[in-house]
Amino acid sequence: IRDRSTQSTWGAELEEQKNKIIQSVANDKRKLKQYEDQILDELEAASGNILDNQKVIDSLKKAQTTSELLSGRLKEAEQKSVSIGEARNTYRAVATRASILYFVIADLALMDPMYSAL
């Protein structure tokens with residue numbers, strides 16, 4: 001209940017940002033894996049001196065620039081995730097109190113039938 005209260009308290013906007021970050025990180029990791037697989041396939045298929053194979057060299061350069069870009073985005077996503085976590089933690093005390101209040105009100109009927117809901 002505390003997590004639900006926290007989520008509804010700190011808003012759908014931050015939750016949406018968090019989900020976008022998770023999707024972005026997953027997509028970036030998938031791209032890196034595809035580049036790795038492509039490079040390995042090209043290296044396996046290459047014959048002769050690898051340094052003379054322009055296709056492999058171009059793929060390596062492209063993978064390097066993309067990897068640098070994606071690693072920058074991953075760092076940025078990590079920083080955003082930390083800031084979202086901090087924003088979420090500021091509301092944790094409110095969510096804890098709300099969950100305690102909910103259970104106290106729910107248990108009032110056990111103490112006195114006057115508080116039971118009809």
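What comes next is a walk through the structure. (Residues numbered from 1 in each chain as written. Predicted model: local features only at pLDDT ≥ 70, side-chain atom pairs only at ≥ 80, totals over all residues. Heavy atoms only, no water.)

### What about the overall build of the protein?
Next, step 1: On a plain count of helices and strands, the protein comes out with 4 helices and 0 strands.
Next, step 2: Ordering the α and β elements of the protein from the N terminus gives α-α-α-α.
Next, step 3: When the 118 residues of the protein are sorted by exposure, 19% land in the buried category.
Next, step 4: Contacts in the protein between residues far apart in sequence, at least 24 positions, make up 71% of those at least 6 positions apart. (Helix = DSSP H or I, 4+ residues; strand = E, 2+ residues; numbered from the N terminus. Buried < 20%, exposed > 50% of the residue type's maximum accessible area, 1.4 Å probe, protein only. Contact = heavy atoms within 4.5 Å.)

### So, the pattern of salt bridges
Next, step 1: Scanning all chains against the criterion turns up 4 salt bridges.
Next, step 2: Residue K20 is joined to E16 by a salt bridge in which the shortest nitrogen-to-oxygen separation is 3.4 Å. With K20 and E16 both in helix α2 (residues 12-45) and 4 residues apart, this pair spans about one turn of that helix.
Next, step 3: Assessed through its relative accessible area of 52%, K20 is described here as exposed.
Next, step 4: Among the residues examined, E16 registers a relative accessible area of 46% and is labelled partly exposed.
Next, step 5: Here R73 makes a salt bridge to D28, at a shortest N to O gap of 2.8 Å. Of this pair, R73 sits in helix α3 (residues 54-90) while D28 sits in helix α2; the two residues are 45 residues apart in sequence, bridging distant segments of the chain. (Salt bridge = Lys/Arg side-chain N within 4 Å of Asp/Glu carboxyl O.)

### Let's talk about a nonpolar patch on the surface
Next, step 1: On the surface, a nonpolar cluster with roughly 240 Å² of combined accessible area is contributed by L40, L43 and I50.
Next, step 2: Of note, L40 is situated in helix α2. (Patch = residues over 30% accessible without salt bridge, like charges linked within 9 Å, V, L, I, M, F, W, Y side chains within 5 Å. Areas by Shrake-Rupley, 256 points an atom, 1.4 Å probe, with all protein chains shown as cover.)

### A word on the side chain of D28
Next, step 1: A relative accessible area of 2% places D28 in the buried class.
Next, step 2: Beyond its immediate stretch of four places on either side in the chain, D28 contacts L70, R73 and L74.

### Concerning the packing of α2 against α3
Next, step 1: Running from N to C, α2 and α3 point in directions that differ by 160°, and their axes come no closer than 9 Å. When the axes of α2 and α3 are compared, the pair comes out roughly antiparallel. In this structure, the crossing between α2 and α3 has a hand that is left-handed. (Axes fitted to C-alpha atoms, helices over the stretch in contact; angles between N-to-C directions. Parallel < 35°, antiparallel > 145°, perpendicular 65-115°, else oblique. Left-handed = near helix turned anticlockwise from the far one by under 90°.)

### Some remarks on α2
Next, step 1: With 34 residues, α2 should cover 50 Å at 1.5 Å per step; its first-to-last C-alpha distance of 49 Å lies within 8% of that length.
Next, step 2: Along α2, the residues that are buried comprise L14, E15, I21, D28, Y35, I39 and E42. (Expected span 1.5 Å × (residues − 1).)

### A closer look at α3
Next, step 1: For α3, spanning 37 residues, the distance from its first C-alpha to its last is 54 Å, which sits close to the expected 54 Å at 1.5 Å a residue.
Next, step 2: Regarding α3, its N-cap is N53, as a side-chain oxygen of that residue lies 3.2 Å from the backbone nitrogen of K55 further along. (Polar contact = N/O pair within 3.5 Å; in protein donor to acceptor, adjacent residues only side chain to side chain.)

### Observations concerning the environment of A77
Next, step 1: With respect to the helices and strands, the residue A77 is situated in helix α3.
Next, step 2: Take A77: its relative accessible area is 8%, and that puts it in the buried class.
Next, step 3: C-alpha separation for the pair A77 and Q17, spaced 60 residues apart in sequence, amounts to 10.0 Å.
Next, step 4: Ignoring sequence-local partners within four residues, the contact set of A77 consists of I21 and V25.

No statement about biological role is implied by the geometric values presented.
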